[in-house]
Amino acid sequence: MEPAKHEEISVQDETMDKMKFKKCSQIAFYRRQKLLHPGKSLYRALLDSVTLSNDNVKFQIINEANKVPLLVEIYEIEGNIFRVKINEVAPLRTRYEVPDVLIKEPTTKRLSITQKETNILVLTSTNEDHKLHITANPFQIELESKDETILSMNSRGLLYFEHLQPPPKNSKTAAENKEDGSADSAKENQKDLGLWQEEFGSFLDIKASGPSSVGLDFSLHGFEHIYGIPEHAETLLLKNTSDDDAYRLYNLDIYGHKIHDKIGIYGSVPFLLAHKPNRTLGIFWLNSSETLVDISTKAVMEHIPSRSPPETTKQRVVPQTDVRWMSESGIVDVFLLMGPTAFDIFKQYAQLTGTQALPPFFSLGYHQCRWNYEDEQDVKSVDAGFDQHDIPYDVMWLDIEHTEGKRYFTWDKKRFQNPRRMQELLRKKKRKLVVIIDPHIKIDPAYTIYSQGKSKDYFVKDRNGKDFEGVCWPGSSCYLDFTNPEVREWYADLFAFQTYKGSTDILFVWNDMNEPSVFKGAELTMQKDAVHHGGWEHREVHNLYGFYQLSSCFSANGNCRRTHQALWRRRETFCPHTIILCWITEEQYGQGTTQQIGVT
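Residues numbered from 1 in each chain as written. Predicted model: local features only at pLDDT ≥ 70, side-chain atom pairs only at ≥ 80, totals over all residues. Heavy atoms only, no water.

The name that an unreviewed UniProt entry assigns to the protein chain is Neutral alpha-glucosidase C isoform X7, with the source organism given as Alligator sinensis. Under Sequence similarities (unreviewed entry), UniProt gives the following word-for-word description of the protein chain: "Belongs to the glycosyl hydrolase 31 family." (UniProt positions renumbered as here; feature names shortened; annotations may be inferred.)

Now the structure itself:
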């Protein structure tokens, strides 16, 4: 008898269909930025434009090719942080700047100008520990700490800034175009660059504002260990990237993602941390549009200062990591967290984005979650089973089937006839209940939340000004526009006990599917040319959508806005509680099998 063959276990069986998601080479702004190769920067600083105030230092830089001026602002922020902003001096339209993520406007300190010559400007921090050496031509910035160069910006000449332009006009007649073929050539070139529209499969992305991508390179001197920029199914230590293999920060609902892949998954945190024996450094890239990050660690020669004659000057080999950030839109707004210790870095990051609240004590215990418990009797039986087998647990979770036809904030009238009684059963054993809430709203005029959202004009629009419609768990759905403060306030009120019928003070909320997930959308998410409050395209706010939904839930549980970190707040006389774990992502706390909890 032959021995039984062992079934080979493959991680590919459950992986996503990669055809549904873009490779880096299929992302137009990435292709455009990669046409700019390392070398001498196209930008020159106009040092005669320098102005100094108590808050910042400002000066202009100009692109020698297109002559478009940009405004550079440099801030020293209390707590050993520097901020650099780059924007157009006179944009055709206002460019998007990320609001609400910083817990307050940072407290600034006055920089001083300690040297100003034809091609050099030196700024010194208040305590004189840090200096910023600004070279005019080519434009670059070196950040020095106690005479040691820690970081360089634009030293590889990769500052990239697409200024806003009016739509192109073809002045030639159709006959002239046909005769010389120039229109076909221009059209093909424009299609390849994806300047005003971009295709992916059957989807067409119309860019009302045209190309608006920004990018900047950083050289981290002496660093070879780089971490952060989650969320990817990759190693903790970030790897070198290659063409078409950048780390992608773009919230996507990717089920069964492949391991060791740099594609973005559920959430995006544009924060990178570099570490070496005597220093830790942080870079926080404040941009909510799709972002790609290239990383390259290499060995470089470093001159060792010596009092000996030049011919005896010594050299040594040291590591250097080059990091290139590329975003589809917005402005350059970057925070440099100077540490010097890892503890200092996290303190500085918390100073900008908020501290992490302690989780509720019960959330540290065992949670029972699966898709899906059928009815109240099913919940009662599972709960009793834990007691029968003497297995402790603290929280029961209910997925979408507990609702009335996947209408959130409701209960299935047949299967969950008395949700309060069910919760009282759990309360007597000091247990809690968590239910799911998604941001898509079933299109049904008889559904109160849909009809109210429709009448109040609270849904995201498509590029033609109609309510954006996508398919998710309930079928055809509209998506609440959480970027609108009025929508967030209204949504928070939905959690009130008098509004959320059948909820009690042991009911908590699981926020899901808010990448946002759109089953038949491009890359299973919302079209980038959908339109939000204020006329902003979805491409500008994509990675903020889930953050704003969670802000609404958090406001409902204490009227307090926090960002970025794990948050929890309870207010038992007002509404059910929420558990929030990510800042620019969905909250999938507890999505897993009956035997384990997955936390993303």
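Here the narrative resumes, following the displayed structure.
**Some thoughts on the overall build of the protein chain**
Helix and strand counts for the protein chain come out as 10 helices and 30 strands. Within the protein chain, the proportion of its 600 residues that are buried is 53%. Accessible area for the protein chain stands at about 27600 Å²; split by element, carbon and sulfur atoms hold 51% of it. (Helix = DSSP H or I, 4+ residues; strand = E, 2+ residues; numbered from the N terminus. Buried < 20%, exposed > 50% of the residue type's maximum accessible area, 1.4 Å probe, protein only. Areas by Shrake-Rupley, 256 points an atom, 1.4 Å probe, with all protein chains shown as cover.)

**What about the pattern of salt bridges?**
Taken as a whole and assessed by the stated rule, the structure comprises 41 salt bridges. Measuring nitrogen to oxygen at the nearest pair gives 2.5 Å for the salt bridge that ties R44 to E64. You can see R44 sitting in strand β1 (residues 43-52) and its partner E64 sitting in the loop between β2 (57-63) and β3 (69-77), a full 20 residues away along the chain. According to the relative accessible area criterion, R44 is partly exposed, its value standing at 27%. Residue classification places E64 among the partly exposed positions, given a relative accessible area of 32%. What you see here is one network of salt bridges that share partners, running through D205, R248, E290, E328, E523, K528, E537 and R539. (Salt bridge = Lys/Arg side-chain N within 4 Å of Asp/Glu carboxyl O.)

**Observations regarding helix α5 (residues 376-388)**
Counted at 1.5 Å a residue, the expected span for α5 with its 13 residues is 18 Å, and the 18 Å between its end C-alpha atoms agrees. Of the positions making up α5, those classed as buried are E376, V379, V382, D383 and F386. Down the axis of α5, the smallest arc covering the buried residues is 135°, so these residues share one side. Against β22 (367-368), β23 (395-398) and α6 (419-428) lie the buried residues of α5. Once α5 ends, the next one or two residues include D390, with phi positive near 55°. (Expected span 1.5 Å × (residues − 1). Arc of directions from axis to C-beta. Contact = heavy atoms within 4.5 Å.)

**Some details on the sheet that holds strand β25 (residues 440-442)**
Taken in spatial order, the 3 strands of this open sheet run β25-β27-β26, and their pairing is antiparallel. Lying at the two open borders of the sheet, with one neighbouring strand each, are β25 and β26 (469-472). Direction aside, the axes of adjacent strands within the sheet are offset by 55° on average. Bridge count between β25 and strand β27 (residues 475-479): 3 bridges; the pairing is antiparallel. (Pairing = 2+ DSSP bridges. Axes fitted to C-alpha atoms, helices over the stretch in contact; angles between N-to-C directions.)

**Description of the pairing of β2**
Across the 7 residues that make up β2, a large majority, 5, are buried. Sheet topology note: the β1/β2 ladder contains 6 bridges and is antiparallel. Looking at β2, one finds that Y43 is bridged to N63. Connecting the antiparallel pair β1 and β2 is a turn made up of 4 residues. Connecting the antiparallel pair β2 and β3 is a turn made up of 5 residues, with K67 showing a positive phi of about 65°.

**Digging into helix α7 (residues 448-455)**
Taken together, the buried positions of α7 are occupied by I449, Y450 and G453. One face of α7 carries all of its buried residues, which in axial projection span an arc of 100°. Buried residues in α7 make contact with β25, β27 and α8 (485-493).

**Comments concerning the packing of α5 against α6**
Between α5 and α6, the shortest axis-to-axis distance is 11 Å and the interhelical angle comes to 5°. One finds that α5 runs roughly parallel with respect to α6. Between α5 and α6, the residues in contact are E376, V379, K380 and D383 and P419, R421, M422, L425 and L426, respectively. Residues belonging to the contact of α5 with α6 are distributed by class as follows: 5 nonpolar, no polar and 4 charged. (Parallel < 35°, antiparallel > 145°, perpendicular 65-115°, else oblique. Nonpolar A, V, L, I, M, F, W, Y, C, P; charged D, E, K, R; others polar.)

**Focus on the environment of Y255**
Its location among the elements puts Y255 in the loop between β16 (247-249) and β17 (271-276). Taking the C-alpha atoms as reference points, Y255 and Y266, separated by 11 residues in sequence, lie 9.3 Å from one another.

**Re the nonpolar core**
If you look at the biggest cluster of nonpolar residues, it comprises 74 residues, and the most contacted ones within it are F284 and Y491. When residues in this core are grouped by element, the largest group, 5 residues, is from strand β24 (residues 432-437). Counting contributing residues per domain, this core is built from domain 1 (24-162 + 213-304 + 321-353) and domain 2 (361-595), each supplying no fewer than three. Counting 50 residues, the second-largest nonpolar core is a separate cluster that includes V84, L111, L121 and L159. (Core = buried A, V, L, I, M, F, W, Y, C linked by side-chain atoms within 4.5 Å. Domains from an automatic or database assignment.)

**Focus on the packing of aromatic side chains**
Taken as a whole, this structure holds 23 aromatic pairs when the rule is applied. Note on F284 and F335: the rings are 5.7 Å apart at their centroids and 25° apart in plane angle, and the pair reads as stacked. Separated by 51 residues along the polypeptide, F284 in strand β18 (residues 279-285) and F335 in strand β21 (residues 332-337) bring together distant segments of the chain. For the pair F284 and F335, a shared accessibility class is recorded, and that class is buried. Note on F468 and Y479: the rings are 5.9 Å apart at their centroids and 65° apart in plane angle, and the pair reads as edge-to-face. Linking F468 in the loop between α7 and β26 with Y479 in strand β27, this pair joins segments that are 11 residues apart in sequence. Here F468 and Y479 have matching classes, each one buried. These aromatic residues form a ring-pair network of at least three members: F409, F482, Y491, F495, Y500 and Y545. Above the face of the Y75 ring, R83 is positioned so that its terminal group lies 6.0 Å from the ring centre. (Phe/Tyr/Trp six-rings, centres within 6.5 Å; stacked < 30°, edge-to-face > 60°. Lys NZ or Arg CZ within 6 Å of the ring centre and 35° of its normal.)

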